[in-house]
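Listed below are the residues making up each chain.
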Amino acid sequence: MFSLEGITNTVHEWLNNHFSPTLALLTEFVLVGVAAIALFALLGLGLVWMERKVAAVMQIRLGPNRVGPKGIFQTTADTLKLIMKEGLTPDGADKFLFNLAPYIVMIVAMLILAPIAFAKNFQIWDINIGVLYLSAVSSLSVIGVLMAGWASNNKYSLLGAMRSGAQIVSYELSAGLSVISIVVMTGSLSINDIILSQQNGWWIFKGHIPAFISFVIFIIAVTAETNRAPFDLAEAESELTAGFHTEYSGMKFALFFLAEYINIFIVCAIGATLFFGGWMPLHIGHWEGFNHVMDYIPSSIWFFGKTIGLIFLIMWFRWTFPRLRIDQLLNLEWKYLLPISMFNLILMTIVAIMGWHF
Amino acid sequence: MVEEIGTNTEGDLIINVGPQHPATHGVLHLVLTLSGETIKKVEPHLGYIHRSIEKMCESLSYRQFIYVTSRMDYLSSHINNHACALTVEKAMQIEVPQRAQYIRVIMDELTRIASHELWWGAMAMDLGAFTPFFHAFRERETITDIMEKTCGARLTMNYMVPGGVMVDLHPDFQKDVKSFIQLYKSKFEEYNELVTGNIIFQNRMKGIGILSKEDAISYGCSGPVARASGVHCDIRKLYPYEIYSQLEFDEILDTAGDSFARYMVRLKEMQQSIRIVEQLIDNIPEGEFQAKTKAVLKLPKGEFYQRVETARGELGVYIVSEGGTTPYRIKFRSPGFSNLSALEHMVKGLKIGDLVAAMGTLDLVIPDIDR
Amino acid sequence: MIAMTNEELKIKLTEFLPTITFEEGGEWLNVFVTPRELRSFVQKIRTSEDVLFDYLFCLTCVDWKTHFNIVYHFSSTTYRHNFVLKVKIDRANPEIETVSDIWRTAEMLEREVYDLFGVKFLNHPDLRRLIMPDDWQGWPLRKDYEDAINMIKL
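Residues numbered from 1 in each chain as written. Chains lettered and ligands numbered in written order. Predicted model: local features only at pLDDT ≥ 70, side-chain atom pairs only at ≥ 80, totals over all residues. Heavy atoms only, no water.

Focus: the sheet that holds strand β7 (residues 314-321) of chain B
All names here are of chain B. Pairing is antiparallel in the open sheet, where three strands are placed in the order β6-β7-β8. Each edge of the open sheet is held by one strand with a lone partner, namely β6 (302-309) and β8 (329-333). Geometrically, the sheet is characterised by an average inter-axis angle of 10° between neighbouring strands, direction not taken into account. In the sheet, β6 pairs with β7 via eight bridges, with the strands oriented antiparallel. Residue glutamate 309 lies in a different strand from β7, and its bridge partner there is glutamate 314. (Pairing = 2+ DSSP bridges. Helix = DSSP H or I, 4+ residues; strand = E, 2+ residues; numbered from the N terminus. Axes fitted to C-alpha atoms, helices over the stretch in contact; angles between N-to-C directions.)

This is the structure in structure tokens:
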């Protein structure tokens, strides 16, 4: 049976047998770094292609279909074009911050990748406060966005960045509270523990209605946090041309673009981990036969399958909903989502204390 | 012009929406004065595609000037041509054959549907929903195909001439139109499911850009914009031309006067246009499609004014003739120009996001405003 | 709410201002008013319950080489009758009172006429070039306008 754990163990043993432990550890660091960057590139290309195809299906057209089979190399071609384009910096811009901003956004996206479990025992960093780390680091990306908007010396960019700042900071709360409601059920902040606690069923099924409510709130909040439609006010093109990245071109623009898709992947991975058991296969009660068949599917497939399912959901939002207005967006958070998620957290705590969940 | 670069003395932000901007669908230039996100002032700057059609027409003959008018409001070019042809016919007292009148009305109504389709898609796109645009174009494409078969053009038709229409209908015309009506009826529910019923869409549109009945009249608004505020202003009903007086259709009125009302009026108007086409398509009389006219048209001395209902509102053609072969002065009363003048009144005190929601429902076509 | 015929309108409008003159021909009643009496006359036709011309649907200018005619097309949304108001003004020094405070649509329409004919509308709130660039010389729709670069003689 294919498993990523096997590969990592083989590599680990081989390195330790041939080199000194220090060198082996250093080589592993490099390998992890290379693997993470490779994953980034692949995810970026794959998700952009997927978005185009999803959009095409919803809009009764074909989508990219010229470069490679089904157009899968279209995004590669686009990236090549973007790399070769001149990266313009406006005259009045704060050059240092302007050039720094896309890298901050990208680095933050990379950092969040660390505690995510891609498969069984396949995790970059099994940190015992994984969930806390995730919410802490994910809110850093707003700094990059604000930096980009401010340094561009462009009024559209500034408005977009301010919108984005208000939006990300507000929706952070709801996302955090819905994550905490799962932590309450599990009793642990470690990603690995959370996944293991879902061995006999995923939290979305085990946690009754409160878990479902927090899943809905989570999806809404992370859609807003990643600046995706219907919450894409930071780059609302019919209002602010392109919002905070109006002045960016070439590869710097591509980094923002890529970071958006990486962020989508990450939040969906978190959603899949918390509510759908991460790499944990679907187990139903005492159906031993069924459970065995499910176990046979590699855990990485389970993880990526669930994540891509959630990504599709978020793409579906984008291609069907119109955009909210800035005050409606903030009202939705502060007047509806936040009170509901607070109440939901209490409900969840009661469920956890009384042991009403399965 | 200097103050447009930065901020004004009160510390308000001044931003340019346009001339190149995704929300303006063309080269409209609005200078917004913002306090935070709140709009304090909207100032339209026109003229980016002003071709001075009125001046051009002064040196064109009465047969030629009709073709220039296709380029005014390019989304309802049939109706522009129709207005001009009607003015010339009225001045020269040309009797238009029944067949031509039927063809003209059918073409007008198909144009109106096509124009509203495009508006519907663009409107949704202004609000950030991309998909409706493609769905709207699916139906609009069928209409442009029908037009292409008969007129040979897809956008600037130049089909109406003084005395009738330029050529007879394509043999497939009736069949195509009927299959279009079938298609349209089967797809119309989709429009409501995709956009109208959406809660975000309704929240964005309801209570936004309110134009009271008095203001709509004072600002000279016409067409769906004025009808959404409760003004009876459908020229087809009030001052019927061609065979409109014999047709059964409703003038869609709403009293709310907000963006949602304007949206609903246009959506319902499409169905009324379908109703008109259905009444006519099977009954096109046989006969001449064009009245016999002289090769060189000479209008009698005098002044002639003809108003028609385009997809955007009331189009007026005002010809001052000195008795020659070219007009002495021509004025086109364009619906978009007056509707645009109401924009500032509608959006003052609202957010930037509301600007696109309100401006979208005005259905501005910039060549129509600039001429 | 019955629309008045042209004859009835003629009588009614003469009541408002006895000095008006009429021009025969055309579908609608053509009324001439002197520039000085324009303001008081239009205020009456806007407010009078009998005619209630609340809809100004066309405002333009015709250059007759010796003088300008400012042409107003009025309609009533209550009674549905229409009439045309014409004001003859001096061509060398074209000045006329604005009506933009009575019909808001006139604000933009008068700016357009100012831009293309150079007619000054007195007391207009914001009389600037609307279509042409701010530094443009000349008034394009006048009959004697010459532009060697942009105009082609047929």
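Examining the side chain of threonine 131 of chain B
Mapped onto the elements of the fold, threonine 131 of chain B is located in helix α5 (residues 131-151). Overall, threonine 131 of chain B belongs to the buried group, its relative accessible area being 2%. Dropping the residues within four chain positions of it, threonine 131 of chain B is found in contact with Met58, Gln59, Trp319 and Thr320 of chain A. (Buried < 20%, exposed > 50% of the residue type's maximum accessible area, 1.4 Å probe, protein only. Contact = heavy atoms within 4.5 Å.)

Concerning the environment of methionine 72 of chain B
All names here are of chain B. Within the secondary structure, methionine 72 is located in the loop between α2 (65-69) and α3 (77-92). Distance in space between the C-alpha atoms of methionine 72 and proline 44 is 19 Å, their sequence separation being 28 residues. Apart from residues no more than four positions distant in its own chain, methionine 72 is found in contact with Arg51, Ile53, Asn80, Leu315, Phe332, Val365, Pro367, Asp368 and Arg371.

Quick notes on the pattern of salt bridges
Residues and elements named next belong to chain B. The full count for this structure, using the stated rule, is 47 salt bridges over all chains. Note that aspartate 234 is salt-bridged to arginine 236, the shortest N-O span being 2.9 Å. The exposure classification of aspartate 234 matches that of arginine 236, with both residues buried. Between arginine 307 and glutamate 314 there is a salt bridge, and its shortest N-O distance comes to 3.0 Å. Each member of the pair arginine 307 and glutamate 314 is classed as buried. (Salt bridge = Lys/Arg side-chain N within 4 Å of Asp/Glu carboxyl O.)

A word on the environment of glutamate 172 of chain A
Residue and element names in this part refer to chain A. When you line up the elements, glutamate 172 lands in helix α7 (residues 155-186). Sequence separation between glutamate 172 and valine 222 is 50 residues; the distance between their C-alpha atoms is 8.0 Å. When near neighbours in sequence (up to four residues on either side) are disregarded, glutamate 172 contacts Ser135, Ser138, Ser139 and Glu225.

Some remarks on the sheet that holds strand β4 (residues 67-75) of chain C
All names here are of chain C. Spatial ordering of the open sheet is given by β1-β2-β5-β4-β3, a layout of five strands whose pairing is mixed. In the strand order of this sheet, the two ends are held by β1 (21-23) and β3 (55-63), each with one partner. Adjacent strand axes in the sheet meet at a mean angle of 25°, parallel and antiparallel pairs treated alike. Note: β3 against β4, eight bridges, orientation antiparallel. Paired with leucine 59 across the strands is tyrosine 72, a residue of β4. Along the sheet, helix α1 (residues 6-16) makes contact with β1, β2 (29-33) and β5 (82-90), crossing β2 at roughly 15°. Packing of helix α2 (residues 38-47) onto the sheet brings it into contact with β2, β4 and β5, and relative to β5 it is tilted by some 170°.

Brief notes about the confidence of the model for chain C
Interpretation of this model should avoid reading the predicted coordinates in detail wherever pLDDT is low. Put simply, chain C has an average pLDDT of 83, and 97% of its residues get 70 or more. Here the predicted complex scores 0.85 on pTM and 0.86 on ipTM. (pLDDT = per-residue confidence, 0-100.)

Section: the packing of aromatic side chains
The final tally for this structure, using the stated rule, is 44 aromatic pairs over all chains. Clustering of aromatic rings is evident, with ring pairs tying together Trp120, Phe180, Tyr184, Phe188 and Tyr191 of chain B. In this structure, arginine 266 of chain B packs its charged tip against the face of tryptophan 119 of chain B, placed 4.9 Å from the ring centre. In this structure, lysine 143 of chain C is placed above the aromatic ring of tyrosine 328 of chain B, and the distance from its NZ or CZ to the ring centre is 4.0 Å. (Phe/Tyr/Trp six-rings, centres within 6.5 Å; stacked < 30°, edge-to-face > 60°. Lys NZ or Arg CZ within 6 Å of the ring centre and 35° of its normal.)

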